[in-house]
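# Structural overview
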Amino acid sequence: MANLSSDLERERVKIEKIAASVGLDFFETIFELVSYDQLNQIAAYGGFPVRYPHWRFGMEYESLAKSYEYGLSKIYELVINNDPCYAYLMEGNEFLDQKLVMAHVFGHCDFFKNNFWFSPTNRKMMDNMANHATRIRRYMDRFGVETVENFIDICLSIENLIDRFSPYSPKRTAPPEQIDDESRHVSPQGKLKVHRGYMESYINPPELLKEQASKRGESAQPHFPEKPERDVLNFLVHHAPLKPWQQDVLSIVREEAYYFAPQGMTKVMNEGWASYWHSKLLTEKIMNDSEIIDFADRHSGTMAMSPTSFNPYKVGIELFRNIEERWNRGQYGKEWEECDDLTAKKQWNKEQGCGRQKIFEVRKHYNDVTFIDEFLTEDFCVQHKMFVYKFNKRTGQYEVDTRDFKLIKKKFLFQLTNFGQPIINVVDANHNNRGELLLTHLFEGVEMQPDYMQETMRNMFQLWTRPVAVATVLDGDPKLITFDGTEFKHQSLSGLPVGEGNGASAANG
C-alpha cells in the first residue's frame, strides 16, 4: 500500500487484521512513508498537504522543523479524519516505532468513524481542502496575494467564534452550504443580489448604500438578530458588507473551523483510546520479547506527566483502563456508591466482565467534558496524583495547593469547556440604532486578555465597517468596550439596568 517497504506492508496487514479482530472498526487506512521534512510540512498544514497557501503555515513549519532539529520534539504519527483515512509514517524511525504508530493510528481511525462528535464532519475533507485551495489561489491571482492573505489573517483571528454544538442540533444553525463561486453571494440588507462580481459597484453604488443606511438609521429598526447568535462567523458571512470573494473566503475558514472542532472536543478521549489500543495490541499480540524494553521506553516518554502540566495521552489511557477495570469488577451503580466500607470496596469484585463493552460504549457517545465529568473519580485523582499545584518561592519547588476533589474537577472541566476560550454572542447588529455591532462575552470568572480582545475587535471592525462593541467584565467591573476604527472607549455598565440591549446580563454571567 502506498510507498511502504515490503516489511512495513506485511506488518501493516498483520496489525490491521489484529485491530479488526479485537473489535476496532475503521475506514480504509492509507499509510504514506515520508521524510521528516515532508512530515513537518504536512503537519504545518494541519495534516492536509493540499491546503491553501498562507504565511501562517510557513511559520508553523519553521517552528516544527527547528524543534525537531534541536531535539525538542518529534512527530511519530499524523492521521487524518477522512474516508479513506490518511496516515503518515516518518522515514528513519525504528521498525518498532512504525509498528507502534500503526497500532496507534488504527485506534484513532476507529474513534473518527464511531464517535458521535465526529459524525457530522466531512469525510471527504481532503478533496474539499484542495477545492478551497483552488478557489483561494484564484482570488490571489485576481486581487493580489497580499490583499487576499491580509483578509485571511483577519478571518483566522476570529475562526474560533463558532457554535461548536450547532451541527448536532437540527433546530440550530448548521454550517452553511459551500459557496462555490461569486454567483452564490448572499447580499446584506439593502443590497441587490449580484451574479457577476465586476457589476457590484454599478448595481450597488457605495454612495447610494450609505444614503439608504442613513435613512434607515433615522427610524428605529427591529431588534436583529431576534436572539443571541453564538455562531459569529455565520452571522458575518450573511450580514457583514463583504465583497463576494471575501464572503467566500470567510465561509472557507468557517467550514474548516467546524471540521477541526471535534478534534478539540475529544482530545483526551481520542489520544487515550489510541494509546490504550497501541499498548494492548503491542504487548499482547504484536511485539516479540526483544522489543519490550524499547517499547517501554517509547511508551513511558509519551505518557510522562509533570505536576505542572496536563498530558491528554496519560489521563485518557488511564481513565479507559480504570473504566474497564471498574465495570469488570462491578464497581459502579447505587450499591457501590452507597458502600462506606473501605475494606469491602477494596475487595469488591462481582466478576461482571463487561469492561470491554463499556469502554466501546464510552468511545461512541462521549466527548472530553462528559467523559471527565462522569468518570473522573476522587480515587482516580488520588491514585494518579492529580492535584492542584503552585510554585513555592521560598523552597523553589512546586507543591500541592489543594487536594479538594470537587475543586480539581471543576478546574479541569473549565479548561476543557470551549477549549478554555471566551464564549462570544452577537446580540444586536443595529446597536444604538446606528448599525453598530454589539457582542457579549459570557463571563464565567476569567476575564479576556485586553490586548487579544482589542486586536480581535480591530479585525471585527474591518469586517463590519461600523463600530464594534463588546460587553464584558474587566477588573471586576462590567464594561462596554467600543472600537470605532480609531480609538477604544470604555463605559461602565455597573449602574445600568440589566437587559438584552446593553449586554449587562451577559457581562455579569
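Our next topic: the packing of helix α4 (residues 95-114) against helix α12 (residues 292-303). At a closest axis distance of 10 Å, the pairing of α4 and α12 adopts a crossing angle of 55°. The angle between α4 and α12 falls in the class oblique. Here the hand of the crossing between α4 and α12 comes out right-handed. Contact residues: α4 offers L96, D97 and L100, while α12 offers D294, F295 and R298. Classifying every residue of the contact of α4 with α12 gives 3 nonpolar, no polar and 3 charged.

Moving on to the pairing of strand β3 (residues 85-90). Within β3, 5 of the 6 residues are buried, which leaves the element mostly enclosed by the surrounding structure. Sheet analysis places strand β2 (residues 77-80) next to β3, joined by 4 bridges and oriented antiparallel. Across the sheet, residue I80 finds its bridge partner in β3, namely Y86. What sits between β2 and β3 in their antiparallel hairpin is a turn of 4 residues.

The next point concerns the sheet that holds β2. Taken in spatial order, the 3 strands line up as β1-β3-β2 in an open sheet, and their pairing is mixed. Each edge of the open sheet carries a strand with a single partner, namely β1 (29-34) and β2. Going across the sheet, the axis of each strand differs from the next one's by a mean of 20°, ignoring polarity. Both β1 and β3 contribute to a ladder of 6 bridges, which runs parallel. Within β3, the residue paired with V34 across the bridge is M90.

Take the environment of F414 next. Locating F414 in the fold gives a position in helix α19 (residues 405-416). Spatially, the C-alpha atoms of F414 and V369 are 8.8 Å apart, while their sequence positions differ by 45 residues. Among residues more than four places away in sequence, those in contact with F414 are G420, E444 and V446.

It is worth spelling out the state of the cysteines at this point. A complete count under the given rule lists 0 disulfides for this structure. Of all cysteine sulfurs, the one in C109 lies closest to C85, which takes part in no disulfide; the gap is 3.6 Å.

Okay, the pattern of salt bridges next. Under the defined criterion, the tally for this structure stands at 23 salt bridges. Note that R298 is salt-bridged to E94, the shortest N-O span being 2.9 Å. Of the two residues, R298 sits in helix α12 while E94 sits in the loop between β3 and α4, which places them 204 residues apart along the sequence. Overall, the relative accessible area of 44% leaves E94 in the partly exposed class. Close ionic contact of D248 with R135 constitutes a salt bridge, the shortest N to O distance being 2.4 Å. In this pair, D248 sits in helix α10 (residues 244-265) while R135 sits in helix α5 (residues 125-143), placing the two residues 113 residues apart along the sequence. D248 gets classed as buried once you look at its relative accessible area, which sits at 0%. Residue R135 is classed as buried on the basis of its relative accessible area, which comes to 2%. One network of salt bridges, in which partners are shared, links E94, D97, D297 and R298.

Let us now look at the sheet that holds strand β7 (residues 436-441). Sheets are built from strands that pair by backbone hydrogen bonding, the pairs being arranged parallel or antiparallel. In spatial order, the strands read β6-β7-β8-β9-β10; together these 5 strands make up an open sheet with mixed pairing. Unpaired on one side and paired on the other, β6 (424-431) and β10 (488-492) mark the two borders of the sheet. The mean angle between the axes of side-by-side strands here comes to 25°, regardless of whether they run parallel or antiparallel. In this sheet, β10 lies alongside strand β9 (residues 477-483) in antiparallel orientation, the contact comprising 5 bridges. Bridge pairing links L480 to Q491 in β10. This element, helix α9 (residues 232-239), spans β6 and β7 of the sheet and lies at about 30° to β6.

Cut-offs and rules
Chains are numbered independently. Their residues run from 1 in the order of the written sequence. Local features are withheld for residues below a pLDDT of 70 in this predicted model, meaning they are given only at 70 or higher, and side-chain atom pairs are given and counted only at 80 or more; totals for whole chains, interfaces and linings count all residues. The side-chain values count all of the structure's non-hydrogen atoms but skip hydrogen atoms and water molecules. Interaxial angle, 0 to 180 degrees, is taken between N-to-C directions of lines fitted to C-alpha atoms, where a helix line uses only the stretch in contact. Per the convention used, a helix needs a DSSP run of H or I reaching at least four residues, while a strand needs a run of E reaching at least two, with both numbered from the N terminus. Angle categories are assigned with fixed cut-offs, so that under 35 degrees is roughly parallel, over 145 is roughly antiparallel, 65 to 115 is roughly perpendicular, and the rest are oblique. Definitions for this section: a left-handed crossing has its near helix turned counterclockwise from the far helix by less than a right angle. A right-handed crossing has that turn clockwise. Contacts are residue-level and defined by heavy atoms, with any inter-residue pair within 4.5 Å sufficient. Polar here means any residue outside two lists: the nonpolar Ala, Val, Leu, Ile, Met, Phe, Trp, Tyr, Cys and Pro, and the charged Asp, Glu, Lys and Arg; Gly therefore counts as polar. Relative accessible area decides the class of each residue, using a 1.4 Å probe on protein chains only: under 20% of the type maximum gives buried, over 50% gives exposed, and in between gives partly exposed. Each pair of strands is called paired provided DSSP finds at least two bridges between the two strands. Cysteine sulfurs are considered disulfide-paired once they come within 2.5 Å of each other. By salt bridge we mean one thing: a side-chain nitrogen of Lys or Arg within 4 Å of a carboxyl oxygen of Asp or Glu.

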